[in-house]
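Understanding the architecture of this molecule
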Amino acid sequence: MSVVADSAAAPADATDMVCVRAVHKVFGHGHDAVHVLKGVDLDVARGEVTVILGPSGSGKSTLLRCINELEEITGGSVMVGGDLMGYRKDAKGTLHRLHPKAVAKQRSRIGMVFQRFHLFPHMTALENIMEAPVQVRGMSKKAAKQRALELIERVGLSDRMEHYPAQLSGGQQQRVAIARALAMDPELMLFDEPTSALDPELVGEVLSVMQDLAKSGMTMIVVTHEIGFAREVADHVVFMDDGVIVESGPPSAVLDDPKEDRTKDFLSHVL
Ligand code: ADP
Ligand code: MG
């Protein structure tokens, strides 16, 4: 399978932040190979929010992980902000795999928020937010603290900034995780079921922070089962099943008037 499909040769639309073309992902080899993504195309315009729905095991997390290069794709291409992820082209147009350090640099432009918050347990909320700008970007502690103070206010936790993760609720921890991702000034934010691990009464505060972020113009891809959020915040909704995008469109079309049986069946279980 060629790593970069022919379609990748076409210039990306300048307004597109994310341009996924014919992406395949195979885990393992030979008899043990699992073909998880089977030719995914996805475009997300700058400033837009795309919500990805789909049953467990359909490849949603794998797709996010391929977009930010936590997984190397088996075929196709991923462009973010006009850059081909993971590769560079030489003068003859031949593709070369980037050095892991260069991959990490590309990845640092993309923020990711997981179902589990993964905060550093021995650091306060504020220190968690300051960590990457200081360690990865070499920002001064003073500047990083200034920025962290702004971000913690933005997620409504100024009064909790000296708390350690264990002293915070799940919803508060997830809001710190969002602020921590924002501290690297990402151009794109990926959310992988950010509210699935939360008690129901804590879901709203996290979705509300995400909604504010969307309003501020952040480009976002959100995997979630929160249909209300999809309806209210998404510009596009994508339904995935078995490694392919089955259906996509504006929320009203996909959620209220789905065309495909697999989408109808899925929605009948979550709505
Ligand atoms: P979703 O997020 O939609 O629930 P995932 O992307 O997590 O789906 O997983 C899709 C499929 O890929 C599942 O069958 C899963 O077992 C498989 N998978 C995910 N990661 C790996 C891996 N590292 N090795 C092998 N199989 C994997
Ligand atoms: Mg998942």
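Small disclaimer: the values here were computed from a predicted structure and weren't measured.

So, about the site of ligand 1. Lining the immediate surroundings of ligand 1 are Phe27, Val36, Pro55, Ser56, Gly57, Ser58, Gly59, Lys60, Ser61 and Thr62. The contact in question runs from an oxygen atom of ligand 1 to an N or O atom on the backbone of Gly57, over 2.7 Å. The protein chains hide 58% of the 560 Å² of surface that ligand 1 would expose on its own. When residues of the shell around ligand 1 are assigned to their parent elements, the largest contribution, three residues, is made by helix H1 (residues 60-67).

This part takes up the sheet that holds strand S4 (residues 75-80). If you walk across this open sheet you meet the four strands as S2-S1-S4-S5, and the pairing is antiparallel. If you trace the sheet from one side to the other, it starts and ends with strand S2 (34-45) and strand S5 (83-84), each paired once. When strand S1 (residues 16-27) meets S2, the two strands line up antiparallel, connected through nine bridges. Within S2, the position partnered with Val23 by the bridge is Val40.

The next point concerns the confidence of the model for the chain. Confidence in the prediction for the chain averages 93 pLDDT; 95% of positions are at 70 or higher. Scored by ipTM, the complex comes to 0.98, with pTM at 0.94.

Let's shift gears to the pattern of salt bridges. For the structure shown, the criterion picks out 14 salt bridges. Note that Arg109 is salt-bridged to Glu187, the shortest N-O span being 2.6 Å. Pair noted here: Arg109 is in the loop between helix H2 (100-107) and strand S8 (110-113) and Glu187 is in the loop between helix H5 (170-182) and strand S9 (188-192), with a separation of 78 residues, a long-range link. In this structure, Asp257 and Lys259 form a salt bridge, with 3.0 Å as the shortest nitrogen-oxygen distance. Asp257 gets classed as partly exposed once you look at its relative accessible area, which sits at 44%.

To continue, consider the pairing of strand S12 (residues 244-249). Looking at chain direction, strand S11 (residues 236-241) and S12 are connected through five bridges and run antiparallel. Bridge pairing in S12 places Met240 opposite Ile245. The loop that links S11 with its antiparallel partner S12 comprises two residues; one of these, Asp242, has a positive phi angle of about 50°.

Within the structure shown, the criterion is met by one aromatic pair. Between Phe239 and Phe266 the ring centres are 5.2 Å apart and the planes differ by 40°, which places this aromatic pair in the tilted class. Remark: Phe266 occurs in helix H9 (residues 261-270) and Phe239 occurs in strand S11; sequence separation between them is 27 residues. This pair shows no difference in class: Phe239 is buried, exactly as Phe266 is. Looking at Lys25, its charged tip hangs above the ring of Phe27, at a distance of 5.0 Å from the centre.

With that out of the way, let us pick up the nonpolar core. Leu53, Ile178, Met189, Phe191, Met210 and Met220 are the most contacted members of the largest nonpolar core, which has 51 residues in total. With eight residues, the top contributor of residues to this core is helix H6 (residues 200-215). Excluding residues that lie within four positions of it along the chain, Phe191 makes contacts with Leu64, Val113, Ile178, Met210, Leu213, Met220, Ile221, Val222 and Val223. Within the second largest apolar cluster, 26 residues are counted, among which are Val18, Val78, Met85 and Met112.

So, how was this worked out
Residues numbered from 1 in each chain as written. Chains lettered and ligands numbered in written order. Predicted model: local features only at pLDDT ≥ 70, side-chain atom pairs only at ≥ 80, totals over all residues. Heavy atoms only, no water. Near = heavy atom within 4 Å. Polar contact = N/O pair within 3.5 Å; in protein donor to acceptor, adjacent residues only side chain to side chain. Areas by Shrake-Rupley, 256 points an atom, 1.4 Å probe, with all protein chains shown as cover. Helix = DSSP H or I, 4+ residues; strand = E, 2+ residues; numbered from the N terminus. Pairing = 2+ DSSP bridges. pLDDT = per-residue confidence, 0-100. Salt bridge = Lys/Arg side-chain N within 4 Å of Asp/Glu carboxyl O. Buried < 20%, exposed > 50% of the residue type's maximum accessible area, 1.4 Å probe, protein only. Phe/Tyr/Trp six-rings, centres within 6.5 Å; stacked < 30°, edge-to-face > 60°. Lys NZ or Arg CZ within 6 Å of the ring centre and 35° of its normal. Core = buried A, V, L, I, M, F, W, Y, C linked by side-chain atoms within 4.5 Å. Contact = heavy atoms within 4.5 Å.

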